[in-house]
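Observations on the model geometry
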Amino acid sequence: MTQRIAVIPGDGIGPEVARIGVRVLESLGLPLQFDWFDFGADRYLRDRTTLPAGFMDTLRREYAAIYFGAVGDPRVPGNEHAKGILLAMRFELDLYINLRPCILIDDRLSPLKGKGREHLKFVVFRENTEGLYTGTGGVLRQGTADEVAQEVEINTRKGVERILEAAFAYAQQRGLRRVCMADKANVLVFGHGLWRRTFAEVARRHPGIEAKAMYVDALAMDLIRQPEAYEVIVTNNLFGDILTDLGAALTGGLGIAASGNIHPGRVSLFEPVHGSAPDIASQGKANPLAMVLSGALMLEHLGHRREAQRLSGAVEEQVRSGARTPDLVPLLGGPASTTEQVGNELLARVSAAP
Ligand code: ATP
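Since we're looking at a predicted model, the values are computed, not measured. (Residues numbered from 1 in each chain as written. Predicted model: local features only at pLDDT ≥ 70, side-chain atom pairs only at ≥ 80, totals over all residues. Heavy atoms only, no water.)

What about the overall build of the protein chain?
Helices and strands together make up the secondary structure of the protein chain, namely 12 helices and 12 strands. A compact globule built from 354 residues would reach a C-alpha radius of gyration of about 20 Å, and the protein chain, at 20 Å, matches this within 12%. Dimensions of the protein chain, computed from C-alpha atoms along their principal axes, come out at roughly 55 × 50 × 45 Å. Within the protein chain, the proportion of its 354 residues that are buried is 53%. Of all intrachain contacts in the protein chain linking residues separated by at least 6 positions in sequence, the fraction that spans at least 24 positions is 75%. (Helix = DSSP H or I, 4+ residues; strand = E, 2+ residues; numbered from the N terminus. Rg over C-alpha atoms; globule rule 2.2 N^0.38 Å. Buried < 20%, exposed > 50% of the residue type's maximum accessible area, 1.4 Å probe, protein only. Contact = heavy atoms within 4.5 Å.)

Below is the structure:
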């Protein structure tokens, strides 16, 4: 049966990398149908549409996945359209898992002395619907010397339990042995106390897996010192945001960092970690590999594991011995190539792969 994919390229470098991502995915010969949507800054500035009414229902009913480029445009104050597009999908489709693999694909990409591929291969499960990112809070007496601003961190038993369970299930399915939870339970005693208690319970349901709870500040230090100690890291929205940027920096940067926004069994969204990078848009400098690797995560979610591995393998080879965009030149050396050149080479590699 054909699986339909909603492609939303978005703004800036989004369309440049999405074009390549889709071409590569199409070359695999899978029964996938790609439908393109023009939501982003241009459309918003034209008719104030973020996502049209009923679009969420269409996604739920007709689509297996969303393949998303990036949103963000300096012409839109505060990028208000991004809230109505990306954040709306994350929340309304209840995409509670933000999955971000931090896996080094070439030793030369590691900024850590003496740490290579065998040391850097952890995956972060970031809670994606609660925490400090729900917009709960308010401001009193704004603009005065007595201004009070409050941001409320939401932690529900259901929300915490399901992200923890997802992290353990992932470890179990892949034969991994360690799950580490990052929190700040020493100061945030109520919310993170809930995380600690729930973690102990969920860990008991997975006796074969070593479960460790750590304070996030200690974990940030230890990820630099001994990243090899970590396989699966699970944490809340804010800490996950920060730790995954650290993870991206440890494994080659934004140009190759992929992510999934997932609700198991439902339509889910796959996107590069980077944003629309307006500074390099329309210059042929964007690295398309993060988008392609996000496509590999999407294929896994859709049940095409072998093809996902074929794509990841081709990206590894590309980084090892192929053309590269300028962002990777300081790490890999050599002349810089354009987005299109890297895309074309990658396409040839994927076609040649067994
Ligand atoms: P946004 O607000 O949309 O997230 P931003 O410019 O703040 O946009 P990013 O878009 O993530 O943040 O980009 C940060 C920097 O990283 C960019 O200025 C760009 O130089 C670099 N960058 C991001 N993505 C890529 C990519 N795919 N290839 C090359 N460089 C990239």
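The rest of the description comes next.
A word on the site of the ligand
Surrounding the ligand, one finds 14 residues, the nearest of these being G275, S276, A277, D279 and N287. Contact distances for the ligand include 2.7 Å between an oxygen atom and a backbone N or O atom of A277. A distance of 2.8 Å is found between a nitrogen atom of the ligand and a backbone nitrogen or oxygen belonging to N287. By residue class, the composition of the shell around the ligand is seven nonpolar, four polar and three charged. (Near = heavy atom within 4 Å. Polar contact = N/O pair within 3.5 Å; in protein donor to acceptor, adjacent residues only side chain to side chain. Nonpolar A, V, L, I, M, F, W, Y, C, P; charged D, E, K, R; others polar.)

Let's talk about the environment of M1
Its location among the elements puts M1 in the segment before β1 (3–10). Accessibility expressed as a relative area gives 92% for M1, which makes it exposed. The sequence separation of M1 and E161 amounts to 160 residues, and the corresponding C-alpha distance is 33 Å.

A look at the pattern of salt bridges
Summed over all chains, the structure comprises 29 salt bridges. A salt bridge links R60 to D57, with the shortest nitrogen-to-oxygen separation between them at 2.7 Å. Here the residue R60 and the residue D57 both occupy positions in helix α3 (residues 55–62), the gap between them amounting to three residues, near one helical turn. Looking at R60, the relative accessible area reads 44%, which means it is partly exposed. (Salt bridge = Lys/Arg side-chain N within 4 Å of Asp/Glu carboxyl O.)

Thoughts on the nonpolar core
Residues F122, F125, V179, L219, V234 and L311 are the most contacted members of the largest nonpolar core, which totals 84 residues. When residues of this core are sorted by domain, at least three fall in each of domain 1 (1–95 + 263–354) and domain 2 (97–252). Aside from chain neighbours lying at most four places away, what touches F122 is R100, P101, C102, I103, L223, Y230, E231, I233, G247 and L250. (Core = buried A, V, L, I, M, F, W, Y, C linked by side-chain atoms within 4.5 Å. Domains from an automatic or database assignment.)

So, the domain arrangement of the protein chain
The domain boundaries assigned to the protein chain delineate domain 1 (1–95 + 263–354) and domain 2 (97–252). Summarising the inter-unit geometry, the C-alpha centres of domain 1 and domain 2 are found 24 Å apart. Taken together, the contacts link 17 residues of domain 1 with 17 residues of domain 2. Between domain 1 and domain 2, roughly 1,700 Å² of surface is buried when both sides are summed, and carbon and sulfur atoms account for 54% of that area. For the domain 1 face of the interface with domain 2, the top three residues by lost area are F91, V273 and L331, together amounting to 28%. (Buried area = accessible area lost by both parts, 1.4 Å probe.)

Describing a nonpolar patch on the surface
Taken together, the side chains of L87, F91 and Y133 make up a nonpolar region of the molecular surface, amounting to roughly 230 Å² of accessible area. As for its placement among the helices and strands, Y133 is situated in the loop between β5 (121–127) and β6 (137–140). (Patch = residues over 30% accessible without salt bridge, like charges linked within 9 Å, V, L, I, M, F, W, Y side chains within 5 Å. Areas by Shrake-Rupley, 256 points an atom, 1.4 Å probe, with all protein chains shown as cover.)

As for the packing of aromatic side chains
Counting across every chain of the model gives six aromatic pairs. The interplanar angle of 15° and the centroid separation of 5.7 Å between the aromatic rings of F37 and F39 together place this pair among those described as stacked. Put simply, the rings of F37, F39, F55 and Y63 touch in pairs and so form one group of aromatic residues. If you follow R48 out to its NZ or CZ, it ends over the ring of Y44, 4.7 Å from the centre. (Phe/Tyr/Trp six-rings, centres within 6.5 Å; stacked < 30°, edge-to-face > 60°. Lys NZ or Arg CZ within 6 Å of the ring centre and 35° of its normal.)

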